[in-house]
Amino acid sequence: MSHQYTNDLIHETSPYLLQHAHNPVNWNAWNNKTLAKAKDGNKLILISIGYAACHWCHVMEHESFEDSLVAQVMNKHFINIKVDREERPDVDQVYMNAVQLMTGSGGWPMNVIALPDGRPVWGGTYFKKDQWLSALEQISKLYKDDPKKLYEYADKLEQGIKSIDVVDLNTDEPVFEKSFLETAVKNWSENFDNKEGSIGSAPKFMMPNNYHFLLRYACQNKDENLLNFVNLTLTKMAYGGVFDHVGGGFSRYSTDSKWHVPHFEKMLYDNAQLVSLYSDAYLVTKNELYKNVVTQTLEHINRDMTTKNGAFYSSLDADSTNPKGELEEGAFYVWQKDELKTLLKADFELFSDYYNINNYGLWEYGNYVLIRNDDDASFIEKHKISEETLNTKVKHWKKTLLEIRNKRSKPRLDDKTLTSWNALMLKAYVNAYSAFNTTEYLQAAEKNAIFIKENQLRKDGGLNHSYKNGKSTINGYLEDYAATIEAYIALYEVTLNETWLTTAKTLTDYTFTHFFDNSSKMFFFTSNSDTDLVSRSIEYRDNVIPASNSIMAKNLFKLSHYFDDEHYKITATTILNNVKPEIQDYPSSYSNWLDLMMNYTNPYYEVAIVGKDAKQKIVALNKTYLPNKLIAGSTTENNLPLLENRYAPNRTLIYVCVNKACKLPVSEVDQAIKFLK
């Protein structure tokens, strides 16, 4: 196919950048060559940031970036740079901070104008074509007539950006108490939606780490009200249209308060963390709904998001082509009533009651998004059918609709592989294996762990961030190291393959060399070998994905136990203490830190299992929800600090230790569990 326009993005691998390769705008990728071009030509830089599954990014592209008149203005006055935020979270972070300072809010698409040295002077998110043109012309005129004004503003804004993610070393004695956690949870609970679940009103993001912490806190403190709230939220999300009832997996967020109509893109990182969450919640509740959510989500990941070599793709777009040939949000996922009647025939009435093909489930223009509001027991009682009959029918409905849906135009796939997100999904498979003992889950986890080790781990000991078409690219960020270390530790705990534990330690030592900030004792987001940006930030607030520093602190806490390493232990404690002053006022932004704090305020157990049946004992142990423990084990003699001199040739013994004091070893798992509660 011949194209009227082709720009420099044609040489990139990111699907998002390639989507813009035939715009009339002279787009460039973010690299040293492009930045040098701006400096040498003394030209303003226009930085436009988005991602492949972003609906409004596509809208702005169609309205402005595909328009030759808009392109003319952009090409005349600016060096234009397109950035895939998933490939370059470092660039996104700096300019997002700038936009939030300038406008009070942020989002994607994000559009920023910067001086030739990269310092921002103007920015915002989505702009209509006329607004966009007007802004470009005003700023280019100001730069030509009175550049001093822009430079003065850039100086002030630069100081603001640099102050956003500054963390001072907390010289107070580290004191972590249960009362601190109680206050945080109490403050948090004031914003709970006790009718539909979650925090606050629409739009509703799932924020898996929030519920991971709240689940743990509720269980360890025997707080029934809080546990009920967590279960309400998980049930409502699983019933809602935000969960794909036909093909499995979750969309990114709900646009309404009842979890009904999602923003339809599916992100790997959401689904990974939700698999981990629902797996743990199943251990607590033994709720079959949660097991079904995990099963169907992992079926979706295996079917739609997994490569032959065991890597995972990044996302599926919200938009797909409708029957008229137009790109439309949700077109792949929604149903019309007549279509369902034709497909389901005599079962339609039952189906329509189960999935609300009525006013409750209606979205717009006659489109229905499947949503449940009854549990199976109530539905069975109402319709006087057996559980077996209902299960058979639901399975048949899903199979029928999936076959038809797969004939539709599919959403675009972002087929790059990101190390950090892959590590989250690797850990999800480990958590699902722990909960359900499904061999295929462990096989998927091991295959992905090998993929990362063989393709993303460089000979110098560092990780790369992105992989596509056999090419491993972009020096890794702290998120890549933190997530991979955490996943490898989790994989070691179920396999006892020490490769994963020692690789986790090696990667940790690499982060101290290349990411550690000696003044704050925190970790920078970017490596010291990366090109300097406007600021070198420290990511410490938990978001949809926990902050890289909070994951690192948890890793250091665990590794300090495995290797009896005082430096790791002190660093984990110091990092948590640094963040502590902010936690109580904004607990939802610090849930992973609160989870770490529970390791200090409650007993934290080392479970060492040694002997030929060690792996079987671990499988049995993992049937119980025990968030305040780590597992070390071996089937032979082993010199790891937790395993040394503990091997007995004809017995498999379980040692439970806390604060360097151990119970007498036992041979039965249920005996060990009594020590752990």
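Structure shown above.
Small disclaimer: the values here were computed from a predicted structure and weren't measured. (Residues numbered from 1 in each chain as written. Predicted model: local features only at pLDDT ≥ 70, side-chain atom pairs only at ≥ 80, totals over all residues. Heavy atoms only, no water.)

Novice: Please explain the layout of surface pockets as it appears in this structure.
Specialist: Its volume calculated, the largest pocket comes out at about 1,400 Å³. What lines the largest pocket is a set of 44 residues, and nearest its centre among them are Arg85, Trp108, Asp542, Asn543 and Val544. Top contributing element to the lining of the largest pocket by residue count: helix H5 (residues 89–103), with six residues. Here the lining of the largest pocket is built from residues that sort into 21 nonpolar, 13 polar and 10 charged. Roughly 930 Å³ of volume is contained in the second largest pocket. Elements with a minimum of two residues in the lining of the second largest pocket: helix H10 (224–239), helix H12 (288–304), helix H15 (376–383) and helix H16 (387–405). In the lining of the second largest pocket, the residues fall into 12 nonpolar, nine polar and 10 charged. (1 Å grid on protein atoms, 1.4 Å probe; cavity = no way out; pocket = protein on both sides within 12 Å on 5 of 7 lines; lining within 4 Å. Points joined across faces, edges and corners; volume = space filled by probe spheres on them. Helix = DSSP H or I, 4+ residues; strand = E, 2+ residues; numbered from the N terminus. Nonpolar A, V, L, I, M, F, W, Y, C, P; charged D, E, K, R; others polar.)

Novice: Which parts of the structure should I look at to understand the sheet that holds strand E9 (residues 266–267)?
Specialist: If you walk across this open sheet you meet the three strands as E9-E10-E15, and the pairing is antiparallel. Sheet topology places E9 and strand E15 (413–414) at the edges, where each strand pairs with a single neighbour. Sheet analysis places strand E10 (residues 315–316) next to E15, joined by two bridges and oriented antiparallel. Across the sheet, residue Ser315 finds its bridge partner in E15, namely Asp414. (Pairing = 2+ DSSP bridges.)

Novice: Please clarify how helix H24 (residues 614–621) should be interpreted in this entry.
Specialist: Because each turn of an α-helix spans 3.6 residues, side chains separated by three or four positions end up pointing in the same direction. Regarding H24, the residues found buried are Ala614, Lys617, Ile618 and Leu621. Taken down its axis, H24 places every buried residue within 105 degrees of arc, on the same side. At its buried positions, H24 is contacted by helix H19 (478–495), strand E21 (605–610), strand E22 (629–634), strand E23 (653–658) and helix H25 (669–675). (Buried < 20%, exposed > 50% of the residue type's maximum accessible area, 1.4 Å probe, protein only. Arc of directions from axis to C-beta. Contact = heavy atoms within 4.5 Å.)

Novice: Explain the pattern of salt bridges to me, please; I cannot follow it from the model alone.
Specialist: Pairs may arise between side chains of opposite charge once their charged atoms sit close together. Throughout the structure, instances matching the rule amount to 35 salt bridges. Several salt bridges converge on common partners, so that one network encompasses Asp117, Arg119, Asp155, Glu158 and Lys162. (Salt bridge = Lys/Arg side-chain N within 4 Å of Asp/Glu carboxyl O.)

Novice: I'm lost on the packing of H10 against H12 in this one. Help?
Specialist: Relative placement of two packed helices is described by the angle separating their axes and the distance separating the axes. Running from N to C, H10 and H12 point in directions that differ by 50 degrees, and their axes come no closer than 11 Å. Judged by the inter-axis angle, H10 sits oblique to H12. Like other packed secondary-structure pairs, H10 and H12 cross with a definite hand, here left-handed. Between H10, through Asn231, Leu234, Thr235, Ala238 and Tyr239, and H12, the contact on the second element is made entirely by Leu289, Tyr290 and Val293. Considering only residue class, the contact of H10 with H12 consists of six nonpolar, two polar and no charged. (Axes fitted to C-alpha atoms, helices over the stretch in contact; angles between N-to-C directions. Parallel < 35°, antiparallel > 145°, perpendicular 65-115°, else oblique. Left-handed = near helix turned anticlockwise from the far one by under 90°.)

Novice: For this particular structure, what's the right way to read empty space enclosed by the protein?
Specialist: Where empty space is left becomes clear once a probe the size of a water molecule has been rolled over the atoms. For the coordinates displayed, the defined rule picks out four cavities of 30 Å³ or more. By volume, the largest cavity is sized at about 910 Å³. When residues of the lining of the largest cavity are traced back to their parent elements, those giving at least two are helix H9 (208–220), helix H11 (268–285), helix H17 (419–436), H19, helix H21 (548–562), helix H23 (591–601) and E22. With six residues, H17 is the single largest residue contributor to the lining of the largest cavity. Along the wall of the second largest cavity there are 15 residues; nearest its centre are Gly241, Phe243, Asp244, Tyr333 and Val369.

Novice: Even after reading the chapter, I still don't get the packing of H17 against helix H18 (residues 439–456), so can you show me in this structure?
Specialist: With their axes 8 Å apart at the nearest point, H17 and H18 run at an angle of 155 degrees to one another. Classed by the angle they form, the pair H17 and H18 counts as roughly antiparallel. As for the relative orientation of H17 and H18, their crossing is left-handed in sense. On the side of H17, the interface is formed by Thr419, Asn422, Ala423, Leu426, Tyr429, Val430, Ala432, Tyr433 and Phe436, while H18 contributes Tyr441, Leu442, Ala444, Ala445, Asn448, Ala449, Phe451, Ile452 and Gln456. Residue composition of the contact of H17 with H18, by class: 14 nonpolar, four polar and no charged.

Novice: Quick question: what am I supposed to make of the state of the cysteines here?
Specialist: A disulfide bridge is the covalent bond that connects two cysteines by way of their sulfur atoms. If you walk through the whole model with that rule in mind, you get two disulfides. Between the sulfur atoms of Cys54 and its disulfide partner Cys57 the distance amounts to 2.2 Å. Negative torsions about the S-S bond denote left-handed disulfides, and the value of about 85 degrees found for Cys54 with Cys57 makes this one right-handed. Covalent S-S linkage joins Cys657 and Cys662, the inter-sulfur distance amounting to 2.1 Å. Handedness of the Cys657-Cys662 disulfide follows from its S-S torsion of about 105 degrees: it is right-handed. Taking relative accessible area as the criterion, Cys657 reaches 3% and is therefore assigned buried. Relative accessible area serves as the criterion here: at 43%, Cys662 is assigned to the partly exposed category. Along the protein chain, the cysteines engaged in disulfide bonds are linked according to the scheme 1-2, 3-4 when indexed in sequence order. (Disulfide = S-S within 2.5 Å.)

Novice: I'm lost on the side chain of Lys82 in this one. Help?
Specialist: Position of Lys82 among the secondary structure elements: in strand E3 (residues 78–84). For Lys82, which is buried and forms no salt bridge, the nearest opposite charge comes from Glu61, at a distance of 7.6 Å. At 2.7 Å, the side chain of Lys82 forms a polar contact with the side chain of Tyr16. At 2.7 Å, the side chain of Lys82 and the side chain of Ser48 are in polar contact. Not counting the four nearest positions on each side in its chain, Lys82 is found in contact with Leu9, Tyr16, Leu17, His20, Trp27, Asn28, Ala29, Trp30, Ser48, Ile49 and Phe65. (Lys, Arg positive; Asp, Glu negative; His and termini not counted. Polar contact = N/O pair within 3.5 Å; in protein donor to acceptor, adjacent residues only side chain to side chain.)

Novice: Just to check I follow, could you spell out the environment of Gln616 for this structure?
Specialist: For Gln616, the location among the structural elements is in helix H24. What makes Gln616 partly exposed here is its relative accessible area of 48%. When the C-alpha positions of Gln616 and Leu491 are compared, they lie 15 Å apart, and in sequence the two are 125 residues distant.

Novice: Would you mind showing me how to read the sheet that holds strand E6 (residues 204–205) here?
Specialist: Strands in a sheet are paired, the pairing made by backbone hydrogen bonds, and the direction either parallel or antiparallel. The antiparallel open sheet is built from three strands, whose spatial order is E6-E7-E8. Single-partner strands in this sheet number two, and they are E6 and strand E8 (262–263). Relative to strand E7 (residues 253–254), E6 runs antiparallel, the two being bridged by two bridges. Residue pairing for E7: Lys204 is matched across the bridge by Ser254.

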